[in-house]
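Take a look at the letters that make up each chain.
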Amino acid sequence: MILAFNGSSVDGSAYTDVVDLADRSPGWLDDMVSAWSTYGLAVFAVLMAVAWWQARRVGATAAVIALAVPLVVVAGYGVDVALKLVVREARPCQSLQVPTLEACPAPGDWSFPSNHAAIAAAAAVALWFVSRRLGAVAVVAACAMAVSRVWVGAHYPHDVAAGVVVGALVAVGPMAVLRRHPDSPAGWITGTRLRPLLAAS
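A brief report on the enclosed structure follows. (Residues numbered from 1 in each chain as written. Predicted model: local features only at pLDDT ≥ 70, side-chain atom pairs only at ≥ 80, totals over all residues. Heavy atoms only, no water.)

Further remarks concern unusual backbone geometry. With an omega of -10°, the peptide bond running from phenylalanine 112 to proline 113 counts as cis. A positive phi angle, close to 55°, is found at arginine 88, a residue other than glycine. In this model, glutamine 97 sits at a positive phi of 50°, which is unusual for a non-glycine residue. Mapped onto the fold, glutamine 97 is located in the loop between α5 (92-95) and α6 (115-128). A relative accessible area of 68% places glutamine 97 in the exposed class. (Helix = DSSP H or I, 4+ residues; strand = E, 2+ residues; numbered from the N terminus. Buried < 20%, exposed > 50% of the residue type's maximum accessible area, 1.4 Å probe, protein only.)

Right, here's the structure in full:
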């Protein structure tokens, strides 16, 4: 097992600068960022549902690509969790002992990479293959999610950067392959009870 590296030696000063800025910021701004950090992932679920709803009106192959988005996001989350268990980096609020907007997680809730950033990035990249418009919205939302996780004190900057990279890399390969070869899964699903998922009635 790899021992956790000391995240504070990577960008601890940048982390404390952001947390100090949050501490000096207006309460309404901190409330907005905290709400986004806590509940913002629901927006990606809505974007995935909209992408599928629109795609099924285009055709079966488009719907198949849209249906793959949540599967890719789950895969990105799984890879991110596995990396957490290997690296075992303590949360910055534990290592640096600074006051944060978000309650400091208990020891054993590892920091690197960020789950939120990985999920958001995987969703954004996958959605880009379905709809450039929805993908662009998701990219902005993913960037906001990554920043918010540092703002509330949950992660170092390198945690969210790594999460973005993990989520994006996990998503881009399968989505690129599926976009080039959507006919086989579309044909298989059409022959099952899941057929209504592929076309508007």
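Our next topic: helix α4 (residues 60-87). Helical periodicity: at 3.6 residues per turn, an α-helix aligns residues three or four positions apart in one direction. Taking 1.5 Å as the rise per residue, α4 with 28 residues should run 40 Å; its terminal C-alpha atoms sit 41 Å apart, in good agreement. At valine 69, α4 shows its largest kink, close to 25°, and the proline proline 70 lies no more than four residues downstream. Directly after α4, the chain includes arginine 88, whose backbone phi takes a positive value near 55°. (Expected span 1.5 Å × (residues − 1). Bend = angle between axes of the 7 residues up to and from the residue.)

The next subject is the packing of aromatic side chains. Tallied over the full model, the rule gives two aromatic pairs. For the pair tryptophan 52 and tryptophan 53, a centre-to-centre distance of 5.8 Å together with 65° between the ring planes defines the contact as edge-to-face. (Phe/Tyr/Trp six-rings, centres within 6.5 Å; stacked < 30°, edge-to-face > 60°.)

Inspection of the secondary structure puts glycine 167 in helix α8 (residues 157-180). Given a relative accessible area of 0%, glycine 167 falls into the buried group. Glycine 167 sits 45 residues away from alanine 122 along the chain, and the two C-alpha atoms are 4.2 Å apart. Setting aside anything within four residues of it in sequence, one finds glycine 167 in contact with Ala118, Ala121 and Ala122. (Contact = heavy atoms within 4.5 Å.)

On to the state of the cysteines. Taken as a whole and judged by the stated rule, the model has one disulfide. Disulfide pairing places cysteine 93 opposite cysteine 104 at an S-S distance of 2.1 Å. Across the S-S bond of cysteine 93 and cysteine 104 the torsion is about 85°, and the bridge reads as right-handed. You can see cysteine 93 sitting in helix α5 and its partner cysteine 104 sitting in the loop between α5 and α6, a full eleven residues away along the chain. Its relative accessible area of 6% is what places cysteine 93 among the buried residues. (Disulfide = S-S within 2.5 Å.)

Scanning all chains against the criterion turns up two salt bridges. Note that arginine 91 is salt-bridged to aspartate 109, the shortest N-O span being 2.8 Å. Of this pair, arginine 91 sits in the loop between α4 and α5 while aspartate 109 sits in the loop between α5 and α6, placing them 18 residues apart in sequence. Overall, the relative accessible area of 6% leaves arginine 91 in the buried class. For aspartate 109, a relative accessible area of 35% corresponds to the partly exposed category. (Salt bridge = Lys/Arg side-chain N within 4 Å of Asp/Glu carboxyl O.)

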